[in-house]
Amino acid sequence: ADSETAGERPGRRRYLAYSGVLTNMIPPHYQASTWISAALLHLVAMALVTDRILVLPPVFYKDEYFASYEWTDLQHVRRLVEWREASFLYNPRTQFSADTSFARAEFSDTHVLLASIDAETGGLTQVESYANAIPPVDEGGSPPREKIHDHRMNMWAALTGSATLRDADVVYVGFDDRFELYEEICWYRKNPACQGAGQADPTLAVLYDALSFCEIRDGYLAKERKEKRFKPTYDCKSRTDMFRDVRLMQKERAEKKAEERKAEKEGLGG
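Reference entry: report on the structure contained in this document. Predicted, not measured: the structure shown is a model, and the values here were computed from it.

Here's the deal with the nonpolar core
No. 1: By size, the foremost hydrophobic cluster in this structure holds 50 residues, and its most contacted members are Trp35, Met46, Phe107 and Phe175.
No. 2: Tallying contributions element by element places helix 1 (residues 33–50) first for this core, with eleven residues.
No. 3: Residues in contact with Phe175, not counting those within four places in the same chain, are Tyr18, Trp35, Ala39, His42, Leu43, Met46, Glu106, Phe107 and Met155.
No. 4: Grouped together as the second largest cluster of nonpolar side chains are nine residues, Tyr15, Ala17, Ile53 and Val170 included.

What follows is the structure in structure tokens.
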């Protein structure tokens, strides 16, 4: 469609968007591609839990802007949630009704902050703040996995249980720069399966295995990237589509050869 109306009753559409550009400029997560990827994983999970359309954020990494489709395969994302491009909410074709409501949710290792956003001033109203602390580390140097899961469940409960957020047409989500996203471990493992990986939340681990993420460092270190030239091959969706087509072609060829061998064998037997 050429245009879309947000917040129009009945059947109003509801959105979840990241507040600003997805990046991390503060240690210990400074310029960590794994932190950004884990944050995208969380956003997909939040859109899924709240049954909202995900507005994919722009990404800033190593002095360069990226689109989210350069980080994750949108063909996989669309199987789980609807999505819109980063500029959707600012597009003149996107129309907002007079009673469209906005809200904000901020998450960190220690608290959850929820608030309504005044549509005229942009100020926060009806602010609520709850303690939601990551528990102390265990002997292995990280919190127990079940405690991390409790922390994540509290985040999702805030999104679905708060009337302020539940009734808002657009919810902006933010992550504190020091927020420990233990799901980063999924990107450190050579085995692509994330389930059972260290302190990764088990629910998010299942979601990780249902998605497909790009190898961002390969793109950044390539000569074309250093020359600030954009190449279609850095579109994660295009690359994964290509690999999918190759695998399909290989499968079809193998099946064809199997049929030929079978026919040849039957011919010799006859």
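A closer look at the sheet that holds strand 8 (residues 102–107)
No. 1: In spatial order, the strands read 6-3-2-11-8-9-10; together these seven strands make up an open sheet with mixed pairing. The open sheet is flanked by strand 6 (83–84) and strand 10 (124–131), the only strands paired with a single partner.
No. 2: Pairing geometry for strand 2 (residues 15–18) and strand 11 (residues 170–175), over four bridges, is parallel. Residue pairing across strands places Tyr15 opposite Val170, the latter belonging to strand 11.
No. 3: In the packing of helix 1 onto the sheet, the strands contacted are strand 2, strand 3 (53–55), strand 8 and strand 11, and the crossing angle to strand 11 comes to about 150 degrees.
No. 4: Relative to the sheet, helix 3 (residues 145–161) contacts strand 8, strand 9 (111–117) and strand 11, its axis offset from that of strand 8 by approximately 170 degrees.

Structural notes on helix 1
No. 1: Over its 18 residues, helix 1 runs 26 Å from end to end, which matches the ideal 26 Å to within 8%, given 1.5 Å per residue.
No. 2: Here helix 1 lies mainly inside the structure; 16 of its 18 residues are buried.
No. 3: Looking one or two places after helix 1, you find Asp51, whose phi comes out positive at around 55 degrees.

Overview of unusual backbone geometry
No. 1: With an omega dihedral of 10 degrees, the bond running from Pro27 to Pro28 counts as a cis peptide bond.
No. 2: Within the secondary structure, Pro28 is located in the loop between strand 2 and helix 1.
No. 3: Although it is not a glycine, Asp51 sits at a positive phi angle of roughly 55 degrees.
No. 4: For Asp51, the location among the structural elements is in the loop between helix 1 and strand 3.
No. 5: Non-glycine residue Gln126 carries a positive phi angle of around 50 degrees.
No. 6: In this fold, Gln126 is placed in strand 10.

What counts as what
Residues numbered from 1 in each chain as written. Predicted model: local features only at pLDDT ≥ 70, side-chain atom pairs only at ≥ 80, totals over all residues. Heavy atoms only, no water. Core = buried A, V, L, I, M, F, W, Y, C linked by side-chain atoms within 4.5 Å. Buried < 20%, exposed > 50% of the residue type's maximum accessible area, 1.4 Å probe, protein only. Helix = DSSP H or I, 4+ residues; strand = E, 2+ residues; numbered from the N terminus. Contact = heavy atoms within 4.5 Å. Pairing = 2+ DSSP bridges. Axes fitted to C-alpha atoms, helices over the stretch in contact; angles between N-to-C directions. Expected span 1.5 Å × (residues − 1).

Fair warning: the whole summary comes from geometry, so function is off the table for now.
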